[in-house]
Amino acid sequence: MRIVTWNINSLRLRLKLLERLGEELRPDIVCLQETKVPDELFPDEAVRALGYAHIQHRGMKSYNGVAILSRVPLTPLDDTPDWCARSDCRHIAASFALGGASVELHNFYVPAGGDVPDPEANPKFAHKLAFVDEATSWFTGRPSRRTILVGDLNIAPLEQDVWSHRQLLDVVSHTPPETTRLQAWLACGFVDAMRHFVPPEEKLYTWWSYRNRDWKASNRGRRLDHVWVTSDLTASLQNMTVLRDARDWPTTSDHVPVAMDFSA
DNA sequence: ATGGTCGGTATCCGA
């Protein structure tokens, strides 16, 4: 069972790249963020034609939007909160069968938080911190069993999750208020599955800004995309792939797909 | 220290 998470930065613009992702990684389930498509305009036909017969999406005009595309049946999880009371399409969840038992899958798009890392001066940063706090409270009150959480969490928690820890300490995505909160959320009962495969001393990125002339040469990356599992699933973890090559696909997203393989 | 580039129903705003 292979699950992929990818901030696609517009699904309709990159349907061909979703097809390429399917050819190169053969995922069973794809979790997308920043689909930027309202539900009534979701390209169901095109997605189904790529082999994903089971689709859940939550989208709005212009911004945000998440989707789960699957080759295996999904059961929607409807008891999820309206985070920060904004109805802004940043979370979608479902369960599916893995090795004969059900697994809960959560797909998140955490607010980016704007430019100024001060919740007093910047409401977008305040929203980001509140969102992570709410998510932490919610998961704390849930049984931490057979759960996978993926998505663009917009926070790079570890020193080696950014190209320069020192230079990014004041940059939104790597500030202490954010990294501390992300660690608290993780500590609800999750294991950082990407770091299960790559030790924390090694650099690991999933995002490179569009603003660098040559992303590969400068390599100023950050690990903003994550896969977490509850500890009862760590024995099922088989392999992890960051599809770095996807950053060179024509007119691609600034995020690359991350694949996680599970044994049944 | 600065500015750099994307996407959306768009001539700014969010990332």
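With an unreviewed UniProt entry as reference, chain A is termed Exodeoxyribonuclease III, source organism Nguyenibacter vanlangensis. Recorded in UniProt for chain A, the comment headed Cofactor (unreviewed entry) runs: "Mg(2+)". UniProt, in its Sequence similarities (unreviewed entry) section for chain A, records the words "Belongs to the DNA repair enzymes AP/ExoA family."

## Remarks on the overall build of chain A
For chain A, the count of helices and strands is 7 helices and 14 strands. Computed over the C-alpha atoms, the radius of gyration of chain A is 17 Å, within 12% of the 18 Å expected from 2.2 N^0.38 for a compact globule of 264 residues. Counting only C-alpha atoms, chain A reaches 45 × 45 × 35 Å along its principal axes. Residues counted as buried form 54% of the 264 residues belonging to chain A. Partitioning the intrachain contacts of chain A with sequence separation of at least 6 by distance along the chain shows that 69% fall at a separation of at least 24. Summing over all exposed atoms, chain A offers an accessible surface of approximately 11,400 Å²; the carbon and sulfur share of this is 48%. Between the centroid of the 30 positive side chains of chain A and the centroid of its 34 negative side chains there is a distance of 4 Å.

## Focus on the protein's contact with DNA strand B
Not every one of the 16 residues close to DNA strand B is listed here, only the nearest: Ser 10, Arg 14, Ser 62, Tyr 210 and Arg 211. When the atoms of DNA strand B within 4 Å of the protein are sorted by group, sugar and phosphate make up 66%. With respect to DNA strand B, the side chain of Lys 124 contributes an N or O atom lying 3.3 Å from a phosphate oxygen. Tallied by class, the residues present in the surface near DNA strand B amount to 5 nonpolar, 3 polar and 8 charged.

## Let's talk about the UniProt feature "domain: Endonuclease/exonuclease/phosphatase" (unreviewed entry) in chain A
According to UniProt, the positions carrying the feature "domain: Endonuclease/exonuclease/phosphatase" (unreviewed entry) are residues 4-255. Annotated as residues 4-255, this span is 23% helix and 25% strand, and its ends, taken at the C-alpha atoms, are 12 Å apart.

## Quick word on the packing of aromatic side chains
Going through the model one piece at a time under the given rule, you end up with 14 aromatic pairs. Seen from their ring centres, Trp 185 and Trp 228 are 5.2 Å apart, and the 80 degrees between their planes marks the pair as edge-to-face. On the criterion of sequence distance, the pair formed by Trp 185 in helix H5 (residues 176-186) and Trp 228 in strand E12 (residues 225-230) is long-range, its members being 43 residues apart. A single burial state applies to Trp 185 and to Trp 228, both of which are buried. By way of ring pairs, the aromatic residues Trp 83, Phe 108, Phe 131, Trp 138, Phe 139, Trp 185, Phe 190 and Trp 228 are connected into one cluster. When the ring centre of Tyr 52 is taken as origin, the NZ or CZ atom of Arg 71, which lies over that ring, is 4.7 Å away.

## Comments concerning the nonpolar core
Grouped together as the largest cluster of nonpolar side chains are 27 residues, with contacts concentrated most on Phe 96 and Ile 148. For this core, the element with the most residues is strand E6 (residues 91-98), which contributes 4 residues. Apart from residues lying up to four places away in sequence, Phe 96 is in contact with Met 1, Ile 3, Ile 29, Val 72, Pro 73, Leu 74, Ala 101, Ser 102, Val 103, Leu 105 and Ile 148. Counting residues in each nonpolar core, the second largest holds 25 residues, with Leu 18, Ile 55, Leu 69 and Ala 259 among its members.

Cut-offs applied
- Residues numbered from 1 in each chain as written.
- Chains lettered and ligands numbered in written order.
- Predicted model: local features only at pLDDT ≥ 70, side-chain atom pairs only at ≥ 80, totals over all residues.
- Heavy atoms only, no water.
- UniProt positions renumbered as here; feature names shortened; annotations may be inferred.
- Helix = DSSP H or I, 4+ residues; strand = E, 2+ residues; numbered from the N terminus.
- Rg over C-alpha atoms; globule rule 2.2 N^0.38 Å.
- Buried < 20%, exposed > 50% of the residue type's maximum accessible area, 1.4 Å probe, protein only.
- Contact = heavy atoms within 4.5 Å.
- Areas by Shrake-Rupley, 256 points an atom, 1.4 Å probe, with all protein chains shown as cover.
- Lys, Arg positive; Asp, Glu negative; His and termini not counted.
- Charge placed at Lys NZ, Arg CZ, Asp CG, Glu CD.
- Near = heavy atom within 4 Å.
- Polar contact = N/O pair within 3.5 Å; in protein donor to acceptor, adjacent residues only side chain to side chain.
- Nonpolar A, V, L, I, M, F, W, Y, C, P; charged D, E, K, R; others polar.
- Phe/Tyr/Trp six-rings, centres within 6.5 Å; stacked < 30°, edge-to-face > 60°.
- Lys NZ or Arg CZ within 6 Å of the ring centre and 35° of its normal.
- Core = buried A, V, L, I, M, F, W, Y, C linked by side-chain atoms within 4.5 Å.

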